[in-house]
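The chain contents come next:
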Amino acid sequence: MTMATSNNNHRVHPASADAPARGGAAFDLRALLDGPGADPVGLMEEHINPSFARVLRTIGFDPTYVRGEGAYLFDDQGNRYIDCLGGYAVFALGRNHPVIKDAIRQALDLDLPNLPGVGPFRTAGLLAKELLAVAPGNAGGAPPGGAGLDTVFFTSSGSEAVEVALKYARVFTGRERFVYCSKSYHGLTLGSLSVNGNADFRDGFGSLLNASEVPFNDLAALEQELRRGQVAAFVVEPIQGKGVHIPAAGYLAGAQELCRRYGAVLIADEIQTGFGRTGAMFACDHWGFVPDMMVVAKALSGGLVPVGAVLTRRDIHTATFSSLDRCSRMQTTFGMNDLAMVAGLATLHALRTERLVEHTAHVGDYLLASLRERLAPYQMVKDVRGKGLMIAIEFASPKSLGLKVGWNLLHSVDHSLFCQAILMPLFSEHRILAQVAGHRQDVIKLIPPLVLSKADCDQVVNALDATIGACHTFPGPAWEVGKKLTAAAMKRMAPAKA
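Everything quoted here is computed from the prediction, not taken from an experiment.

Asker: Teacher, can you tell me more about helix α3 (residues 50–59) here?
Answerer: Since the α-helix advances by 3.6 residues per turn, residues separated by three or four positions end up pointing in the same direction. Three or more residues of α3 are buried, namely Ala53, Leu56 and Ile59. Seen along its axis, α3 keeps its buried residues to an arc of 140°; they face one direction. A positive backbone phi angle near 75° is found at Gly60, which sits one or two residues after α3.

Asker: Explain the layout of surface pockets to me, please; I cannot follow it from the model alone.
Answerer: Over the atoms, a rolled probe matching the size of one water molecule traces out where space is still vacant. Here the second largest pocket is characterised by a volume of approximately 580 Å³. In terms of lining, the second largest pocket is formed by 21 residues, of which the most central are Phe121, Cys327, Met330, Gln331 and Met336. If you list the elements that add at least two residues to the lining of the second largest pocket, you get β6 (149–155) and α12 (314–320). Here the lining of the second largest pocket is built from residues that sort into eleven nonpolar, nine polar and one charged.

Asker: Before we go on, may I ask you to explain the environment of Ala297 in this structure?
Answerer: For Ala297, the location among the structural elements is in the loop between β11 (293–296) and β12 (308–313). For the pair Ala297 and Thr273, spaced 24 residues apart in sequence, the C-alpha to C-alpha distance is 9.6 Å. Setting aside its immediate chain neighbours within four residues, Ala297 contacts Ser157, Gly158, Ile271, Phe275, Val307 and Gly308.

Asker: Help me understand a nonpolar patch on the surface, please; the structure alone is not making it clear to me.
Answerer: A surface patch of nonpolar side chains, amounting to about 460 Å² of accessible area, comprises Phe27, Leu29, Leu32 and Leu33. Within the secondary structure, Leu33 is located in helix α1 (residues 29–34). According to the relative accessible area criterion, Leu33 is exposed, its value standing at 53%.

Basis of the calculations
- Residues numbered from 1 in each chain as written.
- Predicted model: local features only at pLDDT ≥ 70, side-chain atom pairs only at ≥ 80, totals over all residues.
- Heavy atoms only, no water.
- Buried < 20%, exposed > 50% of the residue type's maximum accessible area, 1.4 Å probe, protein only.
- Helix = DSSP H or I, 4+ residues; strand = E, 2+ residues; numbered from the N terminus.
- Arc of directions from axis to C-beta.
- 1 Å grid on protein atoms, 1.4 Å probe; cavity = no way out; pocket = protein on both sides within 12 Å on 5 of 7 lines; lining within 4 Å.
- Points joined across faces, edges and corners; volume = space filled by probe spheres on them.
- Nonpolar A, V, L, I, M, F, W, Y, C, P; charged D, E, K, R; others polar.
- Contact = heavy atoms within 4.5 Å.
- Patch = residues over 30% accessible without salt bridge, like charges linked within 9 Å, V, L, I, M, F, W, Y side chains within 5 Å.
- Areas by Shrake-Rupley, 256 points an atom, 1.4 Å probe, with all protein chains shown as cover.
- Salt bridge = Lys/Arg side-chain N within 4 Å of Asp/Glu carboxyl O.

And the structure:
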């Protein structure tokens, strides 16, 4: 017997008599989290990544977090931390945003027909339409005739989106090579690793794609590589995440002109900068720049369900999906799953209705100006730069002899130790979570949730003033932290005993 619902077009069928019962004993997540042996760092050390667990213990970044809300994390001792790392920019809307949580609950309660495989994906088209409406150059609607970004391919991560974009570029151009920038970061899967501007990530993984590196902001070097021929695409972050390097005024437009002249496509990586991070919906918007392809992820998830996407021109898309028998030549299992699509829709809704992009521009300017004013007296502070809530503090060797001794000592062991000598007390004494901006860079990066308040900014500035100030007294408390890190690093590098 079937039962009609309130909508006469749908009927609910009971399970067959021989189908297994669904449910059984209740699942108790709280009991698991609070149960014996649930130490997160201990379990990581035993079962996941022992080296990373040891690093967390060494630098003191190992509290047991029990809750996240907005711009804050809370540990089991009742401490509140301002999160200036934001899950590496995933939590643009803050942790556990109520609108996104409610949207996911709605999706679950509707029992949506998720991932039909061969069939229409009910929520994916809705998110694609919303994404294209806010894409660079599309404020008045996507340009006709494939001139702008008007087609979307969904993935489950940013790195996967980069892989898709590289494949698009190869098919469209019929070429093999790629060009990328020094200090760039585009992911760690094999294709995206090939265009990663950091040798530390590539070391030991063998042969990668045919790709060449050029300096960021250097159009002459880019043209030299393009002139060599067979370049399918130039992959570039409009603002580099590793170090927060900002392009010169004409760089992006100049790079695109060069790519078109030499028959390559330009892929803009907005995985970290997208969705309000820089005080514009996309970093490209600061320069009125419309790329041939754009990859996004991170913040689109709302921090709850992973999702990435490639936005591209229709002619590039059509070159890959060129016929009926090639309509599925690129696929990803979870790329258009309903929970991810709903999380993306709710994220765009919250960005719009809460005016978070405008808020980010305003609060970001306030934080940047405050940091520049307060840190100006310190001789080791080389630069404070950024856009929106993507801010870098760069350090350089001091002029005074005493401070130079400490600086050289730390850098002779590991180039990242100086920043950690600031970040460790910033965390343990001031309850602010932040991290270095990349390998072998004396740069601290701040990428907090976009819901950061001015009061939070004041607390961050005061804490950085105190911890950076402590590094300008030698010997002093910050250098004691440096000694601890140096000893740990030397122990790690010591040869094992037979």
